[in-house]
Every structure is written in structure tokens, then in C-alpha cells.
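What follows is each chain in one-letter form.
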Amino acid sequence: MSTDDGTSRVVVGVDGSPASHAALRWALRYARRTGTTVRAVGVYDLPGAEGWSAPAVDVLFDEEQARRSLSEELGAVLTPEDGVPPAHHVVRGNPAQVLIEESDGAELLVVGSRGRGGFGSLLLGSVSQQCAAHASCPVVIVRPETADGAPPAGDTP
């Protein structure tokens, strides 16, 4: 449950979706109140990396784009009162699998209820569902904020 320096850490999955923004804000509020550190994890995957179904892609471009997207999301969400920005990194792979691996040794794993997947009618996204079932720490699933920017009822840490 702690980092190398003995502080507890909270892992948060970020993908640019409204629920991801809410999850990042929730994790930052939690960290301020509990003295934990936040590790923001962005995950990208390459189309056709596991098969023959897609044209060749530029791996370095995709990684650079993922890093840029994560930095932009952190910049859009962080405020001066958040203090020290979270540690962050980008990993290539299956989002659920990467976040489950990142949950090892974490105090909490925080994910948005719905990401960028194609099934918008689902109440719970496949990544959040897999994390809830398989993470090695407690999982907090955060819904997107309301139109006025407030967290939905019951989502305040």
C-alpha cells in the first residue's frame, strides 16, 4: 500500500473522458485529505497489435500522442490548490489489465464509470467492471460530474 518512500499511493486511470476527469479530481481530493500520493496512468493500445486486422501504425507517434493527451488532461483538471502534481506515466497495453497490475500495492484504484468505449448505453464500462472484479486493492468508480461541475451525490471523498 505504499511507495518506495513509505507514502501510500492512489492510482487513477485517465483517458480523456468526462468520467476520467471526475475520477482524477476525486483522487486528488482524496489525496489532499489523506496525505497519499496520486499516480495518474494513461493507457494506449495499437490497433491490430494483436492480429492482422489493421494497417501498420507508427508506434512512436502513438506513444507521443498518448503522453501529450495525458499532459493536456492533467493541465485541464489540476488547480493551484491541488498542490504537487501527480506522478504520471503512459503504458501501452490493455487498459483494464494495466490498471489491475498498477493496483498492486496501491491503497486505492480510482477509475471513471464510463470511458471512451463504443457502448455508451452501458451503465458501467468494461474497464471499470474488470478493475472492480480483479484489482488487488479497493476500487472507487466515479461517475461524470453534473453540468454545473459538481460531483454526483455521494461521490465526494
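No experiment lies behind these values; they were computed from the predicted model shown.

### A closer look at the packing of helix α3 (residues 95-102) against helix α4 (residues 126-134)
It is the contact of α3 with α4, at a shortest axis distance of 9 Å, that shows an interaxial angle of 35°. Read as a crossing pair, α3 and α4 show a hand that is right-handed. Judged by residue contacts, Pro95, Ala96, Leu99 and Ile100 of α3 engage Val127, Gln130, Cys131 and His134 from α4. Tallied by class, the residues present in the contact of α3 with α4 amount to six nonpolar, two polar and no charged.

### Section: the packing of aromatic side chains
Counted by the stated rule, this structure contains one aromatic pair. Pairing Trp26 with Tyr30 gives two aromatic rings, centres 5.5 Å apart and planes at 10°, and the pair type is stacked. With Trp26 and Tyr30 both in helix α1 (residues 18-34), this residue pair falls four residues apart, about one helical turn.

### Concerning the pairing of strand β2 (residues 37-44)
Two strands pair when backbone bridges link them, and strand β1 (residues 9-14) and β2 are joined in this way by six bridges, in the parallel orientation. Paired with Val14 across the bridge in β2 is Gly42. In terms of handedness, the path from β1 via α1 over to β2 forms a crossover that is right-handed. In terms of strand pairing, β2 meets strand β3 (residues 87-92) through six bridges, oriented parallel. Pairing of Tyr44 across the sheet is with Arg92, part of β3.

### Some thoughts on the pattern of salt bridges
One side chain can pair with another of opposite charge once the charged atoms of both are near each other. Within this structure, the stated rule accounts for two salt bridges. One salt bridge connects Arg39 with Glu102, and the closest N-O pair in it is separated by 2.9 Å. With a gap of 63 residues between them, Arg39 in strand β2 and Glu102 in helix α3 connect regions that are remote in the sequence. Two residues, Glu64 and Arg68, come together in a salt bridge whose shortest N-O distance is 3.4 Å. Within this pair, Glu64 and its partner Arg68 are both found in helix α2 (residues 59-77), separated by four residues, close to a single helical turn.

### Describing the environment of Ala96
Positionally, Ala96 belongs in helix α3. Between the C-alpha atoms of Ala96 and Gly13, which are 83 residues apart in sequence, the distance is 9.3 Å. Excluding residues within four positions of it along the chain, Ala96 makes contact with Val127, Gln130 and Cys131.

Basis of the calculations
- Residues numbered from 1 in each chain as written.
- Predicted model: local features only at pLDDT ≥ 70, side-chain atom pairs only at ≥ 80, totals over all residues.
- Heavy atoms only, no water.
- Axes fitted to C-alpha atoms, helices over the stretch in contact; angles between N-to-C directions.
- Helix = DSSP H or I, 4+ residues; strand = E, 2+ residues; numbered from the N terminus.
- Left-handed = near helix turned anticlockwise from the far one by under 90°.
- Contact = heavy atoms within 4.5 Å.
- Nonpolar A, V, L, I, M, F, W, Y, C, P; charged D, E, K, R; others polar.
- Phe/Tyr/Trp six-rings, centres within 6.5 Å; stacked < 30°, edge-to-face > 60°.
- Pairing = 2+ DSSP bridges.
- Right-handed = clockwise from strand over helix to strand, strands pointing away.
- Salt bridge = Lys/Arg side-chain N within 4 Å of Asp/Glu carboxyl O.

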